[in-house]
Amino acid sequence: MNSTTDTSAADFMDLLAQPEHTGGAHLFEVFPWNDNFNTGNALIDEQHKRLVDLLNQLAGTLVSNRECEVEAAFTELAAYADYHFSAEEEIWSECFADDPWLHNHLAAHGAFLPKVQDLKRPGSGQALYQQIEGMVKFLIRWLAFHIIVEDKRFALVVAEVQAGVPLDEAKLKAERKMGASSVRLLIDTVLGMYESLSSRTLNLLRERRARVEAEEKLRQAYVDLEAANRRLEESAITDDLTGLFNRRHFDAVFAAELARARREGSALTLVLLDLDHFKRLNDTYGHVAGDAALVTVAGALREHCRRAGDYAFRLGGEEFALLACSSSPSGRGHELFEAIRRDVQALAIPNSRSATAPTLTVSIGAVVRVPQPADTVQTLFLEADRLLYEAKQQGRNRIVCG
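Residues numbered from 1 in each chain as written. Predicted model: local features only at pLDDT ≥ 70, side-chain atom pairs only at ≥ 80, totals over all residues. Heavy atoms only, no water.

Colleague: How should I be thinking about unusual backbone geometry in this particular structure?
Modeller: Glycine aside, residues mostly have negative phi angles, and peptide bonds mostly take the trans form. Although it is not a glycine, His277 adopts a positive phi angle of roughly 50°. The backbone phi angle of Asn397 is positive, close to 50°, even though this residue is not glycine. Of the residues examined, Asn397 reaches a relative accessible area of 17% and is grouped as buried. (Buried < 20%, exposed > 50% of the residue type's maximum accessible area, 1.4 Å probe, protein only.)

Colleague: Just to check I follow, could you spell out the sheet that holds strand β1 (residues 267-275) for this structure?
Modeller: By definition, the strands of a sheet pair up through backbone hydrogen bonds, in either a parallel or an antiparallel sense. With respect to topology, 5 strands assemble into an open sheet ordered β2-β3-β1-β4-β5, the strand pairing being mixed. On the outer flanks of this sheet lie β2 (310-316) and β5 (399-401), each paired with one strand and no other. Geometrically, the sheet is characterised by an average inter-axis angle of 15° between neighbouring strands, direction not taken into account. Bridge analysis of β2 against strand β3 (residues 319-326) gives 6 bridges, and the strand direction is antiparallel. Following the sheet pairing, Ala312 is matched in β3 by Leu322. Here helix α12 (residues 377-393) sits on the sheet in contact with β1, β2, β4 (362-369) and β5, set at roughly 145° to β4. (Pairing = 2+ DSSP bridges. Helix = DSSP H or I, 4+ residues; strand = E, 2+ residues; numbered from the N terminus. Axes fitted to C-alpha atoms, helices over the stretch in contact; angles between N-to-C directions. Contact = heavy atoms within 4.5 Å.)

Colleague: What am I meant to see in the pattern of salt bridges here?
Modeller: Pairing of side chains with opposite charge becomes possible as their charged atoms draw close. Applying the stated criterion to the full structure yields 22 salt bridges. Among the salt bridges present, the one from Lys173 reaches Glu160, with a minimum N-O distance of 3.7 Å. You can see Lys173 sitting in helix α6 (residues 167-179) and its partner Glu160 sitting in helix α5 (residues 128-162), a full 13 residues away along the chain. Looking at Lys173, the relative accessible area reads 26%, which means it is partly exposed. By relative accessible area, Glu160 is classed as buried at 15%. The salt bridge partner of Glu257 is Arg260, with a shortest N-O separation of 2.8 Å. Residue Glu257 and its partner Arg260 are located together in helix α8 (residues 247-264), separated by 3 residues, close to a single helical turn. Looking at Arg260, the relative accessible area reads 24%, which means it is partly exposed. (Salt bridge = Lys/Arg side-chain N within 4 Å of Asp/Glu carboxyl O.)

Put into structure tokens, the structure is as follows:
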């Protein structure tokens, strides 16, 4: 065990004059380490430095103010303090054995963690940052006193005993050195200055946390604004009732998909659908039931538009449309249309006054082709509409393709 140098007024004055220890990645140090905190025992001094470093890390969580970070920093500090106390007690016990000084020191160690846990106790009504500040202020005072007064006194006794002085006499010598009025005054001054420094640093951390919170609020406001803009954009192209794209978006997508199909030589599929005798369903069951039927049919259509480049629209009333672009010249043909017709009928939505079937059905007119120079949005739409009319004329609940 290393011996400590004589504690004097000059030692404590150096605490005020020495530069701050800058080890550790802390933006602010609430407890700057100084080599004059050294007791003379290399192991204890190294552990004290680690405790101070962990205290500064705990104080640093004031900036983020996140409970998970606070809990992690506190848990690490508490675990290391427990480890340090055990190591320190083993060292001091070699000299003090069953001496009352050692018992009192052990009692101080034993009371440390319960006190800190009490400051951290949930349900105190304090904000998280206030709990952190309370813990940090307590830890600064406790650690400073623990190192400057308690451990330095113990180190003085150990040095005397190692020099051959009996334990009781060594304790008296240590008490005289530690109790000198000038030293006592400087101890109080240093502790007071550390508390003042820590308060100023905590204020800086608090200001930094406030800036971080303000920046976070700005970021959140931006995210909310972006989300609101997206909702506005979606509402501009979405049918409010069914959630499918609306007629406005149909016109824009149709023009774009026609240009793409012409450019790539792909097949373009345009499907127009009309729910058979939907007015009778509304008249018989009411508009609430009618709206529910439209939503249900929309869900079935959406299931057939899983691929990129497939679109489902509600054009208005009971009229729907599908657009699809396919690399295959034959496009998406009769199998798709028949699946849609069959799925709508399988929904078994009652329509007892329908002249076609006792449940809701759909008529379909579809155009599938690789666009030719003469094809336009208007000509293709009119052709699909004519084919839909033919499906209705032929008895509804059927498909007519062109």
